[in-house]
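What the coordinates show
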Amino acid sequence: MGQADNGAASPEQVSPGGASPRVYAALFRNRDFRNLGLSTFASTLGDWIGFLAILTLTEDILGATRAAAFAVSAVMAARVLPSMLLGPVAGVFVDRWDRKRLMIACDVGRGIVMALIPFSDEILTLLLATLVIEVLSSLFGPAKDAVFPTLVKRSELVVANQLNLVVTYGTLPLAGVMFASLTALAGPLSGVIPFLGERAVALPIWFNAASFLLSAPLIARMRTPASRHRVGDHSAPSAWDELREGFRFIGRHPIIRALIVGVMVASAAAGTVISTGQFFANVVNAGPSGFGILVAAVGVGLVAGLGASAWLTVRLAPERLFAPGIGVAGVMLVTTAFMPSLAFAAAPAGIMGAGAGVAFIVGYTILQARADDRLRGRTFGAMNSGVRASIFGSTTAAPLLIGLIGREPRVVTEAVPGGFYPYTIGGVRLTLAAAGALAFVGAVLTGRALHRAVAEHPELDQPLTGDEVATEGLFVVFEGGDGAGKSTQIKLLRTAVERAGHRVLVTREPGGTPIGERVRELLLARSSEGMADRTEALLYAAARAQHVEEVLRPALEAGTVVICDRFVDSSIVYQGAGRGLGEAEIDRLNRWATGGLTPDLVVLLDLEPDQGLRRVDGEPDRLEAAGLGFHRTVAAAYRERAKRGDPHRYLVLDATRPVEDLHVALRTTVLQRLADADADADADADAGADAGAEEDGGTFAVGEELARDTLEGRGHP
Ligand SMILES: Nc1ncnc2c1ncn2[C@@H]1O[C@H](COP(=O)(O)OP(=O)(O)O)[C@@H](O)[C@H]1O
Ligand SMILES: Cc1cn([C@H]2C[C@H](O)[C@@H](COP(=O)(O)OP(=O)(O)O)O2)c(=O)[nH]c1=O
């Protein structure tokens, strides 16, 4: 395909984003998104009800004893621990298996185990069942998060996340009401089902089981892109390798790394607020009803923040919003902590909610948009486990800290019945303030890391608007030092791809067009000795702009497989690193020159420069003659780029391997990509026809991967 994300947003690009009614309408018409939304609604509503029911059941079994209190905390632990400990491992399987089938299997499994729970009188069985359900949930969560961005367009992602959060957390109050009603209903129903007479709580539990079982067929109706990641792997890596690959990806991806740390810090602050809020309400003499008001203030702020995020993300890159969101929340938490009364505390608490809301949506959106599809399950698995660990840690640590510092003393007087808290600073205020300060420091560090990452990858500094323009062919670029064997492999690959029935265009840079070839002469002639580095960079970019316009884009749009000897990466390493002009600068220049056209596959033939230069015969050209030091820098920059880049995009091959060996590896990869694209396009054509029959015009929005694959496939004979 070759996708083009066009530099800065033009006005037409801005319009489709935001929270315009059109985006909501498009999402509601999107059948896949609707199915996922309904499934989320059913299962989260059921899940909240089930949670309340299981706590009740624990007391049912043990009575109001001390053992019951312990059992309740064990049940809580059974809910938190699996995804905390298993998150990253679960992610491996989410990335490995078909995500849709995995989700269905988890739902059916959870439904069955849940339905059986009321029949046991053993607390151990209950614990075990909770554990099994949570293990399944820790697979379900990352699978859903990984599929989610493939169902909607990128410009709809923020609004889609808003709706998802509303469905996930908005069901909590509804669940409370339904739990009470269902328990009350159990009495009258016991005439029909006698079992309910002895165990009323079975009804809400069965409701939960039914909700899981209802969610499964909804997911089954969803069209998700075929999981393409497994195909093309020549040797199946072990789960352990994949786990390491996931951690390596997160560790090396500066944005995702910073984001996960930021999310964890924010969760720790949130955990502190949750476990301390009630105490704080007392300290400001607000009591239980005042606590409700504080919660409401945070809630209103949160909703406002969620709403504002759609408006904000069409104006600023989400990377620029995340840290400020957490920072604002942190500062407001500190402010709230020192407020003398409820009336003063409500406003900062509300703003804190808004900051958290923006950070929450934006953080989710960045992870969905930036994590490579192949690794998205592991990314979300790791994040879930980080979040749970933070909440778990902070809810345990906060009360401990309060105890250590000592709570604010209450003054008992005759004047105020029950006494009151004078304005003093003690454990509760200090603990909350510490959490706010922690969030603030985390925000500053995360913000700096994100800022640096965006400076290095200017292409990321865009609002989330307009989707990439996908072209139809497959764009394969060969990179490597002089003499690495690019021409040799290109010739062989061309024959193989043509034999497989595809139209192929082979071209090269600098050159590929009459104008470009003249620029090439100018660039490579030994007589151009003395050319300034910036001139050199501009000339390469100039030749490339002509090449994109005249040759590459038209060919890709016509569905041709384009094999190009060198492209933007050459400029980044030769001019950016080799000449020292700065990789980010050269990247930016070339994004402009190419309108953001990006290869689907970059084959890097990796070779020590001295070996490569020895292979080339004849007079060295101006660049070949640039000296071994220069070429070593270039080779190192190539490796670094491939290492840090999208692993699906870069294929690094050891160029000292025999020609035929390299060819087989290359041919397998490229033909597999073409086959995947065809398969996805076929599946999609079916699905499209299906949707067309069902709803007006078959509007189905797809994520970039799917859109890409579809388009890739369509052009091929
Ligand atoms: N895998 C290989 N092992 C050994 N020699 C090779 C290999 N691939 C290519 N060569 C030889 O190296 C030289 C340079 O190869 P070429 O394909 O022109 O490289 P490039 O296009 O990268 O400059 C040629 O003489 C070629 O025969
Ligand atoms: C495309 C491109 C090439 N180059 C250099 C790399 C090569 O030394 C030279 C291109 O010459 P070429 O003969 O195409 O090299 P090779 O035969 O090794 O493929 O130009 C840049 O410095 N920047 C660029 O953007």
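Residues numbered from 1 in each chain as written. Chains lettered and ligands numbered in written order. Predicted model: local features only at pLDDT ≥ 70, side-chain atom pairs only at ≥ 80, totals over all residues. Heavy atoms only, no water.

Within an unreviewed UniProt entry, the label attached to the protein reads Thymidylate kinase, and the organism entered is Egicoccus halophilus. We quote the UniProt Sequence similarities (unreviewed entry) comment for the protein here in full: "Belongs to the thymidylate kinase family." Recorded in UniProt under Catalytic activity (unreviewed entry), the annotation for the protein is "dTMP + ATP = dTDP + ADP". (UniProt positions renumbered as here; feature names shortened; annotations may be inferred.)

**Some words on the overall build of the protein**
A tally of helices and strands in the protein yields 25 helices and 8 strands. Going through the 717 residues of the protein one by one, you find that 53% of them count as buried. Summed over its atoms, the accessible surface of the protein is roughly 29700 Å², and 65% of this surface lies on carbon and sulfur atoms. (Helix = DSSP H or I, 4+ residues; strand = E, 2+ residues; numbered from the N terminus. Buried < 20%, exposed > 50% of the residue type's maximum accessible area, 1.4 Å probe, protein only. Areas by Shrake-Rupley, 256 points an atom, 1.4 Å probe, with all protein chains shown as cover.)

**Thoughts on the packing of helix α19 (residues 533-557) against helix α21 (residues 583-594)**
Remark: α19 packs on α21, axes separated minimally by 8 Å, with the N-to-C direction vectors making an angle of 35°. The handedness of the crossing between α19 and α21 is right-handed. Contacts from Ala 537, Leu 538, Ala 541, Arg 544, Ala 545, Val 548 and Arg 553 in α19 reach Ile 586, Leu 589, Asn 590, Ala 593 and Thr 594 in α21. For the contact of α19 with α21, the class distribution of residues is 8 nonpolar, 2 polar and 2 charged. (Axes fitted to C-alpha atoms, helices over the stretch in contact; angles between N-to-C directions. Left-handed = near helix turned anticlockwise from the far one by under 90°. Contact = heavy atoms within 4.5 Å. Nonpolar A, V, L, I, M, F, W, Y, C, P; charged D, E, K, R; others polar.)

**With respect to helix α23 (residues 628-644)**
Over its 17 residues, α23 runs 24 Å from end to end, which matches the ideal 24 Å to within 8%, given 1.5 Å per residue. Taken residue by residue, α23 has Phe 630, His 631, Val 634, Ala 635, Ala 637, Tyr 638 and Ala 642 as its buried positions. The buried residues of α23 occupy one face: seen down the axis, they fall within an arc of 165°. Turning to α23, the residues buried within the fold contact β3 (474-480), α20 (568-578), α21, β7 (601-606), α22 (609-615) and β8 (650-654). (Expected span 1.5 Å × (residues − 1). Arc of directions from axis to C-beta.)

**Description of the site of ligand 2**
In the vicinity of ligand 2 lie 16 residues, with Asp 482, Tyr 540, Arg 544, Ser 571 and Gln 575 positioned nearest. Contact between ligand 2 and Asp 482: an oxygen atom at 2.8 Å from a side-chain N or O atom of the residue. Contact distances for ligand 2 include 3.1 Å between an oxygen atom and a side-chain N or O atom of Arg 566. Protein chains shield 91% of the accessible area of ligand 2, which is 550 Å² for the free molecule. Those elements that place two or more of their residues in the shell around ligand 2 are α18 (514-524), α19 and α20. If you tally residues by element for the shell around ligand 2, the top one is α20, at 4 residues. (Near = heavy atom within 4 Å. Polar contact = N/O pair within 3.5 Å; in protein donor to acceptor, adjacent residues only side chain to side chain.)

**What to know about the packing of helix α2 (residues 21-29) against helix α7 (residues 157-189)**
Axis separation between α2 and α7 bottoms out at 10 Å; the angle between their running directions is 65°. In this view, α2 runs roughly perpendicular relative to α7, as classed from their interaxial angle. α2 and α7 meet at a crossing whose hand is right-handed. Residues Val 23, Tyr 24 and Leu 27 of α2 pack against Val 159, Ala 160, Gln 162 and Leu 163 of α7. For the contact of α2 with α7, the residue count by class is 6 nonpolar, 1 polar and no charged. (Parallel < 35°, antiparallel > 145°, perpendicular 65-115°, else oblique.)

**Section: the side chain of Glu 134**
By secondary structure assignment, the location of Glu 134 is in helix α6 (residues 123-151). Residue Glu 134 is classed as buried on the basis of its relative accessible area of 6%. Glu 134 has contacts with Ala 78, Arg 79, Pro 82 and Arg 388, leaving out every residue within four places of it along the chain.

**Examining the sheet that holds β8**
Overall, parallel pairing links the 5 strands, which are arranged β4-β5-β3-β7-β8 in an open sheet. Looking at which strands have only one partner, the edges of the open sheet turn out to be β4 (504-508) and β8. Neighbour-to-neighbour, the strand axes of the sheet open up by a mean angle of 20°, direction not taken into account. Its contacts with the sheet put helix α17 (residues 486-499) on β3, β4, β5 (561-565) and β7, and the angle it makes with β5 is roughly 170°. Taken strand by strand, α23 contacts β3, β7 and β8, and its axis lies near 140° from that of β7. (Pairing = 2+ DSSP bridges.)

**Examining the pattern of salt bridges**
If you walk through the whole model with that rule in mind, you get 23 salt bridges. Its salt-bridge partner being Glu 517, residue Arg 508 comes within 3.0 Å of it at the nearest N-O pair. We classify Glu 517 as partly exposed; its relative accessible area is 25%. For Glu 529, the salt bridge identified is with Arg 526, shortest N-O distance 3.6 Å. By relative accessible area, which is 40% here, Arg 526 ends up partly exposed. Connected via shared salt-bridge partners are Asp 95, Arg 99, Glu 245 and Arg 378. (Salt bridge = Lys/Arg side-chain N within 4 Å of Asp/Glu carboxyl O.)

**Focus on the environment of Phe 148**
The residue Phe 148 is located in helix α6 in this model. Using a relative accessible area of 2% as the deciding quantity, one classes Phe 148 as buried. Here the alpha-carbon distance between Phe 148 and Asn 161, two residues 13 residues apart in the chain, equals 8.9 Å.

**Quick look at the environment of Glu 242**
Examined against the element boundaries, Glu 242 turns out to sit in helix α10 (residues 239-252). The class of Glu 242 is buried, set by a relative accessible area of 10%. Between the alpha carbons of Glu 242 and Arg 96 there is a distance of 8.9 Å; along the sequence they are 146 residues apart.

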